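Examination of the molecular architecture
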Amino acid sequence: MRKLVIVNGPNNNFYGIRNKGQYGNQLYADLIEELKEYGASIGFEVEAFQSNGEGALIDYFQSLYFEAEKSGCKIPLVLNPGAFTHYSYAIKDALESVHTLIPAIEVHMSNIHGRDDFRHISVTASECLGQIAGMGKHSYKIAMEAFKQMIEEGQL
């Protein structure tokens, strides 16, 4: 099975607790388990990582880069940067540094374009293949499907 990683930024580990109107009632651990099962059903071995800190996320991206370099196989990244989406140039730079081996699709459970004005801007999306927002947990699944198609078409 091909490895795929799901990375979640700050406060996403509080799915099912925080702002249930935006993010639903499903607890983070249950969502990750569901996404791992879904990924396996379409041919991915899913690894999940979450951190509330920029440094830990950057370190993880860099470790993935070296893993992909060693294996000779790109590692697809489904990324929900959380609030870092809107202001973290450090995350943007890290994505730019690894994108040749770690292609990313940015996802958001809520429709960031229908919320507070500051959420309409993503500084990280420019370093991703695309962005999916507003589809709840399906945003992650849509990104996984997109990667599956890209692999089947020889683009990854």
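This report concerns the structure included in the present document. Source: prediction; values computed, not measured.

A short note on the environment of Ile 6
Checked against the element boundaries, Ile 6 lands in strand 1 (residues 2–8). Sequence separation between Ile 6 and Glu 67 is 61 residues; the distance between their C-alpha atoms is 15 Å. Apart from the residues lying within four places of it in its own chain, the contact partners of Ile 6 are Leu 35, Val 46, Glu 47, Ala 48, Phe 49, Val 78, Tyr 140 and Met 144.

Quick word on the nonpolar core
Counting 21 residues, the largest nonpolar core has Leu 4, Ile 6, Val 78, Tyr 140 and Met 144 as its most contacted members. Secondary structure elements with two or more residues in this core: strand 1, helix 2 (28–41), strand 2 (44–50), strand 4 (104–108) and helix 5 (138–152). Ranked by the residues each element gives to this core, the list is headed by helix 5, at five residues. Listed in part, the 20 residues of the second largest apolar core include Tyr 60, Ile 91, Leu 95 and Ala 104.

Some words on the pattern of salt bridges
A full pass over the atoms with the stated rule returns six salt bridges. We note a salt bridge from Glu 34 to Lys 137, for which the minimum N-O separation is 3.0 Å. Of this pair, Glu 34 sits in helix 2 while Lys 137 sits in the loop between strand 5 (130–133) and helix 5, and the two are 103 residues apart along the sequence. Note that Lys 141 and Glu 34 form a salt bridge whose closest N and O atoms lie 2.7 Å from each other. Here the residue Lys 141 occupies a position in helix 5, and Glu 34 occupies one in helix 2, the gap between them amounting to 107 residues. Through salt bridges with shared partners, a single ionic network connects Lys 3, Glu 47 and Glu 67.

Cut-offs and rules
- Residues numbered from 1 in each chain as written.
- Predicted model: local features only at pLDDT ≥ 70, side-chain atom pairs only at ≥ 80, totals over all residues.
- Heavy atoms only, no water.
- Helix = DSSP H or I, 4+ residues; strand = E, 2+ residues; numbered from the N terminus.
- Contact = heavy atoms within 4.5 Å.
- Core = buried A, V, L, I, M, F, W, Y, C linked by side-chain atoms within 4.5 Å.
- Buried < 20%, exposed > 50% of the residue type's maximum accessible area, 1.4 Å probe, protein only.
- Salt bridge = Lys/Arg side-chain N within 4 Å of Asp/Glu carboxyl O.

Keep in mind that these numbers describe shape and distance, not what the molecule does.
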